[in-house]
Amino acid sequence: MLHIVFGRLPEAVFNTAVYFKNSYEDSWITDDFAKRAILDVDKSVVLGNGVIDSPVLGKIAPNSLPGGVKTLILIKNEPERIFNASTCGDNCAKWLLEIGRLQDITINLRHIMDFGSEPFAIHIVNTDAVVHNMREMVLIAGRYV
């Protein structure tokens, strides 16, 4: 399940770009999830564990990926850590829900992310409530961000 802590959380990994640069493993990039997320979010194609073909930048290294995709990859591969998912845009929301369907993850959000109009199940750690739509989430999140 996807668990969210809204507001400031000192133990969360805040600078996900630096953390990614120093901890990612090549196999994370060639994973099916990463390939699909990179294609969807950044419109780039993974050619191998060290090369991604970006329509804007050409051939790039994984460290040159946008912050949102790097954060998604970290969340998927290090579910025991809490990452600042405010580095992700709303285009990452469906991917966070997908990871949450596969495994328990906890993220920190310092803004209200749009998870769309479809029903979902997200546990809000701040209040220990499970919300099922954006209205329910906003009513709680608004108290903390």
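Preceding block: the structure.
Residues numbered from 1 in each chain as written. Predicted model: local features only at pLDDT ≥ 70, side-chain atom pairs only at ≥ 80, totals over all residues. Heavy atoms only, no water.

As for the state of the cysteines
Here is the rule we go by: Throughout, a disulfide means two cysteine sulfur atoms within 2.5 Å of one another. Type-normalised accessible area, obtained with a 1.4 Å probe on protein chains alone, sets the label of each residue: buried when under 20%, exposed when over 50%, and partly exposed for intermediate values.
Using the criterion set out here, one finds 0 disulfides in the structure. This cysteine, Cys88, is not joined by any disulfide, and Cys92 carries the nearest cysteine sulfur, 4.1 Å off. Of the residues examined, Cys88 reaches a relative accessible area of 4% and is grouped as buried. For Cys92, a relative accessible area of 1% translates into the label buried.

Let's talk about helix H1 (residues 16-23)
The criterion, for reference: Elements are defined by DSSP. Helices are runs of H or I of four residues or more, strands are runs of E of two residues or more, and each kind is numbered from the N terminus. As used here, the arc belongs to the directions running from the helix axis to the C-beta atoms. Pairs of residues are marked as contacts when any of their non-hydrogen atoms sit within 4.5 Å.
Of the residues making up H1, those classed as buried are Thr16, Tyr19, Phe20 and Ser23. Around the axis of H1, the buried residues are gathered within 100° of arc, so they sit on the same side. Structural note: H1 exposes Lys21 and Asn22 on the side pointing more than 90 degrees away from its buried face. Considering only its buried residues, H1 is in contact with helix H2 (26-30), helix H4 (67-77) and strand S5 (83-84).

Description of the pairing of strand S6 (residues 105-109)
Residues in a regular strand point their side chains to alternate faces of the sheet. Here is the rule we go by: Strand pairing is defined by DSSP finding a minimum of two bridges between the two strands. When the strands point away from the viewer, a crossover counts as right-handed if the route from the first strand across the helix to the second turns clockwise.
With 4 of its 5 residues buried, S6 lies for the most part within the structure. As defined by bridge partners, strand S1 (residues 2-6) adjoins S6 across 5 bridges and the pair is classed as parallel. Each bridged residue has a counterpart across the sheet, and for Val5 the counterpart in S6 is Asn108. Relative to S6, S5 runs parallel, the two sharing 2 bridges. Looking at S6, one finds that Phe83 is bridged to Ile107. Note that the unit made of S5, helix H5 (residues 93-102) and S6 has a crossover that is right-handed.

Just distances and angles here, no functional claims.
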